[in-house]
Amino acid sequence: MPAGNAGHWYPFQWNRLPVYQVIGPAAVSYALLGIAVGTMAGLLIGRTVPAMAAAVAVVGTVTAALVLLRPSQWAAVGGRSRGEDRDFSGPVDRTTVVSYHPESHFWPPQLVESAIVPALAAAAIVAAFALLRRRHR
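Residues numbered from 1 in each chain as written. Predicted model: local features only at pLDDT ≥ 70, side-chain atom pairs only at ≥ 80, totals over all residues. Heavy atoms only, no water.

**Topic: the overall build of the chain**
Line of reasoning, step 1. Looking only at helices and strands, one finds four helices and two strands in the chain.
Line of reasoning, step 2. Listed by position from the N terminus, the elements making up the chain come as α-α-α-β-β-α.
Line of reasoning, step 3. The proportion of buried residues among the 137 residues of the chain is 27%. (Helix = DSSP H or I, 4+ residues; strand = E, 2+ residues; numbered from the N terminus. Buried < 20%, exposed > 50% of the residue type's maximum accessible area, 1.4 Å probe, protein only.)

Right under this line is the structure:
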């Protein structure tokens, strides 16, 4: 166990893949998005494998965009780095003042992301129903 981690060690940073999206309400949100986008792609394309590929591409793009936006979803805190337990993008010496997201920032961004992703899923569902309605007139 690395020194200075307050008695616990995690193999991944809390705000990075795969940990962040497989626990909490974000996991359910992404599952709903996958189902909604897959349904819409199936209705639009009409063939199973291409629709699956399109759905994976759309959900992957949304996931990548939200991963890039995640650090800005909640205000970072500043302070002197201890170096070993914070997520830094580059080399940091022990006297550098940095902005970072501590473990206490886990739930607020989860809830923000869990509002964005179901809204996108709802948009996909509305589009799928509109497509169905237009087809069956």
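**A look at the confidence of the model for the chain**
As a general rule, the predicted coordinates of low-pLDDT regions are not to be interpreted in detail.
Line of reasoning, step 1. When the pLDDT values of the chain are averaged, the result is 79; 69% of them are 70 or greater.
Line of reasoning, step 2. Across residues 1–11, where pLDDT falls below 50, the model places 12 contacts with residues more than four positions away in sequence or in other chains. (pLDDT = per-residue confidence, 0-100. Contact = heavy atoms within 4.5 Å.)

**With respect to the nonpolar core**
Line of reasoning, step 1. Formed by Ala26, Tyr30, Leu33, Ala36, Val37, Ala55, Val59, Val62, Leu66, Val117, Ala121 and Ala124, the largest nonpolar core amounts to 12 residues.
Line of reasoning, step 2. The set of elements that each furnish at least two residues to this core consists of helix H2 (25–45), helix H3 (48–69) and helix H4 (107–135).
Line of reasoning, step 3. The contacts of Leu66, once residues within four sequence positions are left out, are Tyr30, Gln73, Glu113, Ile116 and Val117. (Core = buried A, V, L, I, M, F, W, Y, C linked by side-chain atoms within 4.5 Å.)

**As for the pattern of salt bridges**
Line of reasoning, step 1. Under the criterion given, the structure shown has one salt bridge.
Line of reasoning, step 2. Its salt-bridge partner being Arg70, residue Glu113 comes within 3.1 Å of it at the nearest N-O pair. Taken as a pair, Glu113 in helix H4 and Arg70 in the loop between H3 and strand S1 (77–80) lie far apart in primary sequence, 43 residues in all. (Salt bridge = Lys/Arg side-chain N within 4 Å of Asp/Glu carboxyl O.)

**A short note on H3**
Line of reasoning, step 1. Relative to the 32 Å expected for 22 residues at 1.5 Å per residue, H3 spans 32 Å between its end C-alpha atoms, a close match to the ideal helical length.
Line of reasoning, step 2. Regarding H3, the residues found buried are Ala51, Ala55, Val59, Val62, Thr63 and Leu66. Looking straight down H3, one finds that the buried residues subtend no more than 100° of arc, so they occupy a single side. Exposed residues pointing more than 90 degrees away from the buried face of H3 are listed as Val49, Val56, Thr61 and Leu68.
Line of reasoning, step 3. Of the surrounding elements, those touching the buried residues of H3 are helix H1 (19–22), H2 and H4. (Expected span 1.5 Å × (residues − 1). Arc of directions from axis to C-beta.)

**Some details on H2**
Line of reasoning, step 1. With 21 residues, H2 ought to run about 30 Å at 1.5 Å a step, and its terminal C-alpha atoms sit 30 Å apart, in line with that.
Line of reasoning, step 2. All of the buried residues along H2 are Ala26, Ser29, Tyr30, Leu33, Ala36, Val37, Ala41 and Leu43. Viewed end-on, H2 has its buried residues packed into an arc of 160°, placing them on one side of the element. In H2, the exposed positions angled more than 90 degrees off the buried face are occupied by Val28 and Ile35.
Line of reasoning, step 3. Where H2 is buried, its residues meet H1, H3 and H4.

**Brief notes about the packing of H2 against H4**
Line of reasoning, step 1. As a packed pair, H2 and H4 sit with axes 8 Å apart at the nearest point and diverge in direction by 20°. The angle between H2 and H4 falls in the class roughly parallel. At the point where H2 passes H4, the crossing takes the left-handed sense.
Line of reasoning, step 2. Taken together, the residues of the contact of H2 with H4 sort by class into 22 nonpolar, three polar and two charged. (Axes fitted to C-alpha atoms, helices over the stretch in contact; angles between N-to-C directions. Parallel < 35°, antiparallel > 145°, perpendicular 65-115°, else oblique. Left-handed = near helix turned anticlockwise from the far one by under 90°. Nonpolar A, V, L, I, M, F, W, Y, C, P; charged D, E, K, R; others polar.)

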